[in-house]
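One-letter residues, chain by chain:
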Amino acid sequence: MADYRARLQSKMEKGEEKEDTSLPPSPYAPIGSDADEGHPVQTQEGREGPQFFAAFAATLGNLVMGTSIGWSSPAGPLLAKTEQEDGFNLTDDENSWVGCLMPAGALLGGQVGGLLMTKLGRKGAMMTGAAMFAISYLLLVVAPNVWVIYVGRFCTGVCTGICSIVCPVYVAETATASRRGFLGSCVQLMVTFGVMLVIVVGVCGSWRWISISCLVMIVVWMIALIFVPETPAHYLSQKKYREARESLEWLRGTVHVDQEYQDILKSVEESAKLSAGLGDLFSSSNLAPFIISLWLMLGQQFSGMNAVMFYCVSIFQQSGSSLNSNVANIIVSGVMI
């Protein structure tokens with residue numbers, strides 16, 4: 001028994017002297033990870049707050065755009081009142097011009113918006129649109145006669161066209177792929193909030209105060225734009241690489257943006273090499289999507305949606321409804337939201 005214990009002790013001592021042959025942890029990422037695909041491993045998580053704020057700042061322009069769309073609904077009946085009641089005795093025909101001059105201006109505004117984006121960038125175009133909106137609503141606030149109302153409404157239409165082009169592009173170029181759909185849907189949502197704003201303020205019974213409330217929202221919009229950067233895509237198109245990198249880092253809340261920066265750069269460079277013309281709309285790859293989107297827009301416009309929004313209060317007044325026309329207008333705008 002003593003001999004057995006001696007042999008066991010001898011084996012244990014030899015085992016302690018053996019070298020540790022276990023492998024150290026691998027310094028490389030596991031197979032199938034992003035690093036295996038050539039992507040840098042992110043060592044710091046970004047923040048989503050900056051891109052949400054940037055989208056909010058941009059879509060405030062769509063809210064102001066919504067105020068322009070809904071302005072004539074509460075203001076039209078007020079403009080039809082006598083001069084003693086701060087109206088201009090507008091007839092139905094004259095009131096129809098108050099409504100239709102806005103979309104007429106928007107036809108021109110879309111082209112202006114595209115030009116401004118190219119020359120001034122997305123943020124610059126929004127700042128210009130905000131300044132133009134402020135001047136247009138200021139005309140409506142101080143309007144001494146119906147002709148100034150007409151000019152102001154046409155000008156707000158031009159600004160509406162600018163916002164309808166520029167603001168969605170800014171949101172699309174600053175949002176991550178995973179958030180682009182959600183933030184993009186906020187564009188139309190903010191338009192309906194703008195419509196609701198002028199309708200609620202219209203209950204006060206003054207078309208001038210409706211315009212003043214719109215001016216307040218424009219000021220809020222301009223202040224918010226001060227704190228957001230230009231889009232990285234626009235900077236890269238102007239070959240301002242350092243500014244593009246800084247913009248992307250601000251939007252993502254992290255300095256680890258190498259891969260996304262390269263992806264945007266590649267996309268911008270490929271777009272610059274492409275040339276497009278009117279005939280490309282009718283190519284086999286573009287014709288079907290073009291017809292579908294055009295058909296949807298035609299259906300939306302021919303549904304009479306804009307006519308209802310422009311003259312909702314008048315419609316309920318002339319229908320003889322027992323429900324207060326302003327309350328009915330608020331309900332309609334609430335359903336839109």
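What counts and how
Residues numbered from 1 in each chain as written. Predicted model: local features only at pLDDT ≥ 70, side-chain atom pairs only at ≥ 80, totals over all residues. Heavy atoms only, no water. Helix = DSSP H or I, 4+ residues; strand = E, 2+ residues; numbered from the N terminus. Buried < 20%, exposed > 50% of the residue type's maximum accessible area, 1.4 Å probe, protein only. Contact = heavy atoms within 4.5 Å. Areas by Shrake-Rupley, 256 points an atom, 1.4 Å probe, with all protein chains shown as cover. Expected span 1.5 Å × (residues − 1). Phe/Tyr/Trp six-rings, centres within 6.5 Å; stacked < 30°, edge-to-face > 60°. Lys NZ or Arg CZ within 6 Å of the ring centre and 35° of its normal. Axes fitted to C-alpha atoms, helices over the stretch in contact; angles between N-to-C directions. Parallel < 35°, antiparallel > 145°, perpendicular 65-115°, else oblique. Left-handed = near helix turned anticlockwise from the far one by under 90°. Nonpolar A, V, L, I, M, F, W, Y, C, P; charged D, E, K, R; others polar. Arc of directions from axis to C-beta. Salt bridge = Lys/Arg side-chain N within 4 Å of Asp/Glu carboxyl O. Core = buried A, V, L, I, M, F, W, Y, C linked by side-chain atoms within 4.5 Å. Patch = residues over 30% accessible without salt bridge, like charges linked within 9 Å, V, L, I, M, F, W, Y side chains within 5 Å.

Trainee: Honestly, the overall build of the protein in this entry has me stumped. Any pointers?
Mentor: What the protein contains, in helices and strands, is 14 helices and zero strands. Reading the protein from its N terminus to its C terminus gives the helix and strand order α-α-α-α-α-α-α-α-α-α-α-α-α-α. When the 337 residues of the protein are sorted by exposure, 38% land in the buried category. Here the contacts in the protein between residues at least 6 apart in sequence split such that 76% fall between residues at least 24 apart. In the structure as shown, the protein presents an accessible area of about 19,100 Å², 63% of it carried by carbon and sulfur atoms.

Trainee: Mind showing me how you'd approach helix α2 (residues 49-70) here?
Mentor: For α2, spanning 22 residues, the distance from its first C-alpha to its last is 31 Å, which sits close to the expected 32 Å at 1.5 Å a residue. Within α2, 18 of the 22 residues are buried, which leaves it mostly tucked inside the rest of the structure.

Trainee: Please clarify how the packing of aromatic side chains should be interpreted in this entry.
Mentor: How two aromatic rings sit relative to each other is given by the distance of their centres and the angle of their planes. Enumeration according to the criterion identifies six aromatic pairs in this entry. Across from the ring centre of Tyr261, 5.9 Å away, lies the NZ or CZ of Arg245, which sits over that ring.

Trainee: What is the right way to look at the packing of α2 against helix α7 (residues 207-226) in this model?
Mentor: Axes are the key here: two packed helices are described by the angle between their axes and the distance separating the axes. Where α2 contacts α7, the two axes come as close as 9 Å, and the packing angle between them is 160°. One element, α2, and the other, α7, form an angle in the roughly antiparallel class. Considering the relative orientation of α2 and α7, their crossing is left-handed. Contacts between α2 and α7 involve Phe53, Ala57, Ala58, Leu60, Gly61, Leu63, Val64 and Thr67 from the first element and Cys214, Met217, Ile218, Val220, Trp221, Ala224 and Leu225 from the second. Per-class residue counts for the contact of α2 with α7 are 13 nonpolar, two polar and no charged.

Trainee: What exactly am I supposed to notice about helix α9 (residues 241-252) here?
Mentor: With 12 residues, α9 extends 17 Å between its outermost C-alpha atoms, agreeing within 8% with the 16 Å of an ideal straight helix rising 1.5 Å per residue. Every buried residue of α9 is accounted for by Ala244, Ser247, Leu248, Leu251 and Arg252. Down the axis of α9, the buried set is contained in an arc of 120°. They therefore lie on one face. Residues of α9 that are buried in the fold lie against α2, α5 (146-174), α8 (232-237) and α10 (258-273). Taken from the residues just after α9, Gly253 is the one with a positive phi, measuring 70°.

Trainee: Help me out: how do you make sense of the pattern of salt bridges in this one?
Mentor: In this structure the tally under the stated criterion is eight salt bridges. In this structure, the salt-bridge partner of Arg245 is Glu249, at a minimum N-O distance of 2.8 Å. In this pair, Arg245 and Glu249 are both assigned in helix α9, four residues apart and thus about one turn of the helix distant. We classify Glu249 as partly exposed; its relative accessible area is 22%. Between Arg245 and Asp258 there is a salt bridge; the shortest N-O distance is 2.8 Å. Highlighted residues: Arg245 in helix α9 and Asp258 in helix α10, separated in sequence by 13 residues. Since its relative accessible area comes to 23%, Arg245 is described here as partly exposed. Residue class for Asp258 comes out partly exposed when judged on its relative accessible area of 38%.

Trainee: Whenever I open this one, the environment of Leu248 confuses me. Can you help?
Mentor: Within the secondary structure, Leu248 sits in helix α9. As for Leu248 and Glu260, which are separated by 12 residues in sequence, their C-alpha atoms are 8.6 Å apart.

Trainee: Got a minute to help me understand the nonpolar core in this structure?
Mentor: In this structure, Trp71, Tyr137, Ile149, Trp207 and Trp221 are the most contacted members of the largest nonpolar core, which totals 61 residues. Elements represented by at least two residues in this core include exactly α2, α3 (72-79), α4 (92-142), α5, α6 (177-201), α7 and α12 (305-310). When residues of this core are assigned to their parent elements, the largest contribution, 12 residues, is made by α4. Each residue touching Trp207, except ones within four places of it in the same chain, is listed here: Trp71, Ala75, Leu78, Leu79, Asp86, Gly87, Phe88, Leu140, Ala143 and Ile149. Residues Ala233, Leu248, Ile264 and Val268 belong to the second largest nonpolar core, which totals 10 residues.

Trainee: I would appreciate a short explanation of the side chain of Ser68 in the present structure.
Mentor: Within the secondary structure, Ser68 is located in helix α2. On the basis of relative accessibility, which here comes to 0%, the residue Ser68 falls in the buried class.

Trainee: What is the right way to look at the packing of α4 against α7 in this model?
Mentor: Here α4 crosses α7 at 160°, and the two axes come no closer than 9 Å. By the angle between their directions, the pair α4 and α7 is classed as roughly antiparallel. Crossing of α4 against α7: the hand is left-handed. Among the residues forming the contact of α4 with α7, the class breakdown is 20 nonpolar, two polar and two charged.

Trainee: Where do I start with a nonpolar patch on the surface in this structure?
Mentor: Together, Phe53, Phe56, Val219, Ile223, Ile226, Phe227 and Trp250 make up an exposed nonpolar region whose accessible area comes to about 680 Å². Contributing elements (two or more residues each) for the nonpolar patch: α2 and α7. With three residues, the single largest contributor to the nonpolar patch is α7. Inspection of the secondary structure assignment puts Phe56 in helix α2. Overall, Phe56 belongs to the partly exposed group, its relative accessible area being 42%.

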